[in-house]
Amino acid sequence: MHKKIAAVCMAVLMLAGAAFSVVGCGKENSEEETPGGGTTTEEIDYNGTININLPIKDFPFEDIALQAVADAYEAKHPETTVKVEGQTSSTYKDWLDSQFAGGASVTDADIVQTLLISNAYLTTKMVDYSSYLVKPNPYNDNTVWKDVLSEEAYPMSVDRSGIYTMNFTTNMSFFFYNKEVWRQAGLVNQDGTDKVPATWDELLQFCEQIEQNTQEKVPFVAGGATYTTGAMSWLLNIYADQYYRSVVEDIHAIAGDYCYDPDIDADWELDVSDKNNDSPSNYTANMLRFYQAIMNNEITPSDAKYQAMITNLKKLIPTYCQDNFISNNYYQAEELFWSGNAAMVFNTPDFFNTYKQIFAQRPDANQFEIGFFPAPPMTGTGDAKPDSDTVRSVGGAVGWYGVVKKDKKQNDLVMDFMMFWGSKEGQDIFNESLKEQGAFISGNSLVKGVDTPVEIYPAKDYEFPGLCHNNPIGQFFGNLCSMNGPTYQTFEALCKNMFGGDITVQKFGEQLTKALQSSIPTYFAQMGWKSDAYLTPEKDPSL
């Protein structure tokens with residue numbers, strides 16, 4: 001959902017490392033009957049107005065589905081008015097900034113998207129969900145609200161001060177393919193089903209078969225104009241995570257570190273088989289230990305793992321890509337897929353809605369069927385062997401719904417609506433509206449008991465494999481690039497030169513290592529830290 005905003009999210013995750021985690025605590029309270037059916041700990045004054053201002057103006061199917069939820073809530077509480085006023089995604093950040101600029105909040109908005117809100121605004125302008133999550137949800141059999149939700153639905157803020165964001169669905173990445181080209185290439189099982197690659201090497205074999213058995217079809221398209229947004233950044237992130245899944249074992253906070261939290265760090269142990277083991281709520285990553293490892297050449301783009309990952313990527317990109325890969329942005333590359341001249345692209349489930357919209361705009365085009373499969377794992381031996389046999393995904397929990405802090409009466413009313421939307425009943429209403437519109441959703445629901453219709457999410461049988469951005473390697477590398485313009489530009493240029501064949505993978509690793517090492521003191525200075533803080537990772541760098 002929110003295709004444009006989701007694209008921004010991926011860039012933010014890659015560059016700023018905005019990886020959130022999950023928490024849940026509290027006890028059930030005593031219960032009283034409420035007019036909404038069910039129970040709660042206190043009466044809600046339903047005489048009021050709820051203003052929903054989300055960036056859904058560009059996505060009318062979401063606007064209509066949310067209006068259906070609002071209508072159902074008003075039917076339960078006729079004295080309440082719920083206004084759904086969608087905003088344009090391209091100007092949403094500016095709109096948010098104008099709402100929260102200066103002093104106390106003066107905005108009429110009650111429900112906004114928190115993705116682009118700074119942490120300072122989150123903690124001062126938004127309501128903390130924590131006290132509401134431990135209350136019974138009157139719209140879900142009076143079950144404590146947090147028990148109705150998967151943990152990913154309510155992430156703790158980066159500074160662990162509270163829960164200011166609510167998510168109701170997930171998002172993950174897939175390879176999407178043209179079924180006609182797939183069958184022309186002979187990628188079909190004996191039972192007539194499509195073949196799906198089990199490993200990266202098998203994916204490369206599929207590409208070779210497509211090239212040999214089809215007439216001038218490009219096996220895979222991607223945009224090589226940038227490497228910090230879109231498919232290229234996603235591929236770099238998911239496979240770096242696969243190769244370096246155990247890096248947290250070397251950089252987690254230990255007793256005596258300034259950031260050590262005995263409540264979570266004392267008993268934490270690495271478990272690569274647990275997809276959520278390295279969620280930031282489970283342990284503390286000492287970023288100084290990571291940067292020390294870079295400066296000491298213990299973790300760098302020149303080591304065997306990173307070199308193996310990039311070498312594997314180069315076997316696909318640009319070997320089996322379009323001729324003008326380097327100059328194409330993602331949308332230019334994608335056009336080859338829509339025209340039927342390419343077999344595969346890499347994207348998120350927003351692609352389903354794009355598919356629907358593209359062919360609605362092109363009634364005379366050949367509307368082929370699309371298939372999909374998750375990213376297959378890379379393999380290796382010795383020092384070049386990935387840490388994990390599985391590949392996690394970009395995306396994760398999405399929605400980013402925040403409640404603007406007002407007086408207690410208004411906060412309670414808006415949170416009551418969020419409980420309704422975040423119940424099985426509310427989610428079923430939202431999903432049914434999407435189904436009636438022939439639209440799609442980004443992933444399975446994070447509300448327990450909700451059976452997401454396959455008509456709105458064809459990939460519903462795929463369980464989310466875990467979030468690659470939990471891995472500090474993407475987060476902290478990203479910090480160095482995003483906080484230092486020259487380093488960002490160097491990374492982009494080196495990627496373009498390496499994938500373009502102008503420099504070797506080895507030279508790419510050496511030059512990127514030097515760029516990262518030279519940027520660490522600059523990054524520390526921008527953070528207000530001592531330039532050599534990495535030498536004493538146990539000490540608070542700000543002191």
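Residues numbered from 1 in each chain as written. Predicted model: local features only at pLDDT ≥ 70, side-chain atom pairs only at ≥ 80, totals over all residues. Heavy atoms only, no water.

## A closer look at the sheet that holds strand E12 (residues 370–373)
Reading across from one edge, E10-E11-E9-E12 is the order of the four strands in this open sheet, with mixed pairing throughout. Of all strands in the sheet, those bounded by a partner on one side alone are strand E10 (218–220) and E12. Ignoring which end each strand starts from, the neighbouring axes of this sheet average 25 degrees apart. Bridge count between strand E9 (residues 174–178) and strand E11 (residues 342–347): four bridges; the pairing is antiparallel. Looking at the pairing, Tyr177 lines up with Met344 of E11. Docked against the sheet, helix H9 (residues 230–243) engages E9, E10 and E11, running at close to 70 degrees with respect to E11. Together, E9, E11 and E12 form the strand contacts of helix H15 (residues 350–361), whose direction differs from that of E12 by roughly 170 degrees. (Pairing = 2+ DSSP bridges. Helix = DSSP H or I, 4+ residues; strand = E, 2+ residues; numbered from the N terminus. Axes fitted to C-alpha atoms, helices over the stretch in contact; angles between N-to-C directions. Contact = heavy atoms within 4.5 Å.)

## A word on the pairing of E11
Extensive coverage of E11 is indicated by the burial of six of its six residues. Pairing of E10 with E11, which is carried by two bridges, proceeds in the parallel orientation. Bridge pairing in E11 places Phe220 opposite Met344. (Buried < 20%, exposed > 50% of the residue type's maximum accessible area, 1.4 Å probe, protein only.)

## A word on the side chain of Ser173
Relative to the elements of secondary structure, Ser173 occurs in the loop between strand E8 (169–171) and E9. The residues contacting Ser173, other than those within four sequence positions of it, are Ile238, Phe346, Asn347, Thr348, Pro374, Ser393 and Val394.

## Overview of the packing of aromatic side chains
Tallying each qualifying case throughout the model produces 47 aromatic pairs. Between Trp268 and Tyr283, the aromatic rings sit 4.9 Å apart at their centres with planes inclined by 25 degrees, giving stacked as the arrangement. Of this pair, Trp268 sits in the loop between helix H11 (262–265) and helix H12 (287–295) while Tyr283 sits in the loop between H11 and H12, and the two are 15 residues apart along the sequence. Just as Trp268 is buried, Tyr283 falls in that class too. Pairing Trp338 with Phe359 gives two aromatic rings, centres 6.0 Å apart and planes at 85 degrees, and the pair type is edge-to-face. Separated by 21 residues along the polypeptide, Trp338 in helix H14 (residues 330–338) and Phe359 in helix H15 bring together distant segments of the chain. The pair formed by Trp338 and Phe359 is uniform in burial state, with each residue classed as buried. (Phe/Tyr/Trp six-rings, centres within 6.5 Å; stacked < 30°, edge-to-face > 60°.)

## Digging into the pattern of salt bridges
The final tally for this structure, using the stated rule, is 20 salt bridges. For Asp45, the salt bridge goes to Lys409, with nearest N and O atoms at 4.0 Å. Taken as a pair, Asp45 in the loop between strand E3 (39–40) and strand E4 (48–52) and Lys409 in helix H16 (residues 408–421) lie far apart in primary sequence, 364 residues in all. Residue Lys409 is classed as partly exposed on the basis of its relative accessible area of 37%. A salt bridge links Asp194 to Arg183; its shortest N-O distance comes to 3.1 Å. Pair noted here: Asp194 is in the loop between helix H7 (179–184) and helix H8 (200–213) and Arg183 is in helix H7, with a separation of eleven residues, a long-range link. (Salt bridge = Lys/Arg side-chain N within 4 Å of Asp/Glu carboxyl O.)

## Focus: the environment of Ser161
Mapped onto the secondary structure, Ser161 falls in the loop between strand E7 (155–156) and E8. Distance from Ser161 to Leu122, taken between C-alpha atoms, is 9.8 Å for residues 39 residues apart in sequence. Residue contacts for Ser161: discarding those within four places in its chain leaves Thr123, Asp128 and Met156.

## Topic: the environment of His469
Within the secondary structure, His469 is located in the loop between helix H17 (424–437) and helix H18 (472–482). Judged by relative accessible area, His469 falls into the buried class, the value being 5%. For the pair His469 and Ser393, spaced 76 residues apart in the sequence, the C-alpha separation amounts to 8.1 Å.

## Concerning the pairing of E12
Covered by surrounding structure in E12 are Ile370 and Phe372 together with Gly371 and Phe373, the residues of both alternating faces. Where E9 and E12 come together, four bridges link them in antiparallel fashion. Bridge pairing in E12 places Tyr177 opposite Gly371.

## Quick look at the packing of H14 against H15
When two helices pack together, their arrangement is given by the angle between their axes and by how far apart the axes lie. Viewed as axis vectors pointing N to C, H14 and H15 meet at an angle of 65 degrees, and their least axial separation amounts to 12 Å. Put simply, H14 runs roughly perpendicular to H15. The handedness of the crossing between H14 and H15 is right-handed. Taken together, the residues of H15 that come into contact with H14 (itself represented by Tyr330, Glu334, Phe337 and Trp338) are Phe351, Thr354, Tyr355, Ile358 and Phe359. By residue class, the composition of the contact of H14 with H15 is seven nonpolar, one polar and one charged. (Parallel < 35°, antiparallel > 145°, perpendicular 65-115°, else oblique. Left-handed = near helix turned anticlockwise from the far one by under 90°. Nonpolar A, V, L, I, M, F, W, Y, C, P; charged D, E, K, R; others polar.)

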